Amino acid sequence: MNVLVSMCLLGTYCRYSGERKEDEGVRSLLEREGLTLIPVCPEQLGGLPTPRLPAEQKDGRVFDKGGTDRTEEFENGAREVLRLAKLYGCKAALLKERSPSCGSNIVYDGSFQGVRIPGDGVCAGLLKKNGIAVFGESETEELLRFLEEA
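On a predicted model such as this, the values are computed, not experimentally measured, just so you know.

## So, the sheet that holds strand S2 (residues 36-40)
Pairing in this open sheet of four strands is parallel, and the strands run S2-S1-S5-S8 from one edge to the other. In the strand order of this sheet, the two ends are held by S2 and strand S8 (133-136), each with one partner. In this sheet, neighbouring strand axes are inclined to one another by 25 degrees on average, regardless of whether the strands run parallel or antiparallel. For strand S5 (residues 92-95) and S8, the ladder comprises four bridges, and the chain directions are parallel. Looking across to S8, one finds that leucine 94 is bridged to phenylalanine 135.

So, in structure tokens, the structure goes:
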């Protein structure tokens with residue numbers, strides 16, 4: 001089964017800071033028989049460079065820390081990820097928690113003060129609207145249970 005995965009969780013240098021954020025639990029999924037991880041970075045697919053200013057959602061838009069509206073890039077990247085999900089027949093995605101692109105159920109509030117609020121990142125929300133289950137890196141067991149039942 002094909003599953004989208006945030007590239008940063010596999011250790012790719014694509015995060016806003018340019019640093020690695022590899023997750024061993026996610027990386028261990030590479031060894032699972034019958035599971036193929038499709039790496040994506042919606043922010044890069046939307047045309048943003050690495051490194052880049054951090055971004056957060058506010059009032060339905062995405063702004064970087066310098067105040068520039070990056071909504072268009074985030075939406076473009078989300079559409080590209082959805083296109084890849086359909087191309088590869090992905091029913092699930094394992095994405096970076098709290099990200100303005102990939103966060104599922106909880107994101108930062110736009111104040112750049114570390115305040116978390118209920119909500120989905122731009123990409124996670126688009127995937128959900130299109131019937132793709134979204135899990136964060138702390139939910140690998142839930143993802144595996146979902147895949148067993150699919």
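There's plenty left to go through after this.
## A few points about helix H3 (residues 71-88)
Compared with an ideal rise of 1.5 Å per residue, which puts 18 residues at 26 Å, H3 spans 26 Å between its outermost C-alpha atoms and is within 8% of the ideal. The elements touched by buried residues of H3 are strand S1 (2-6), S2, helix H2 (42-45), strand S3 (55-58), strand S4 (61-64) and helix H4 (122-129). Looking one or two residues beyond H3, the residue adopting positive phi is glycine 89, at roughly 65 degrees.

## Thoughts on the environment of lysine 65
Of note, lysine 65 is situated in the loop between S4 and H3. You can call lysine 65 exposed: its relative accessible area is 54%. Along the sequence, lysine 65 and arginine 79 sit 14 residues apart, while their C-alpha atoms lie 23 Å from each other. With sequence-adjacent residues up to four places away left out, lysine 65 is seen in contact with Leu53, Pro54 and Phe112.

What counts, and at which threshold
Residues numbered from 1 in each chain as written. Predicted model: local features only at pLDDT ≥ 70, side-chain atom pairs only at ≥ 80, totals over all residues. Heavy atoms only, no water. Pairing = 2+ DSSP bridges. Helix = DSSP H or I, 4+ residues; strand = E, 2+ residues; numbered from the N terminus. Axes fitted to C-alpha atoms, helices over the stretch in contact; angles between N-to-C directions. Expected span 1.5 Å × (residues − 1). Contact = heavy atoms within 4.5 Å. Buried < 20%, exposed > 50% of the residue type's maximum accessible area, 1.4 Å probe, protein only.

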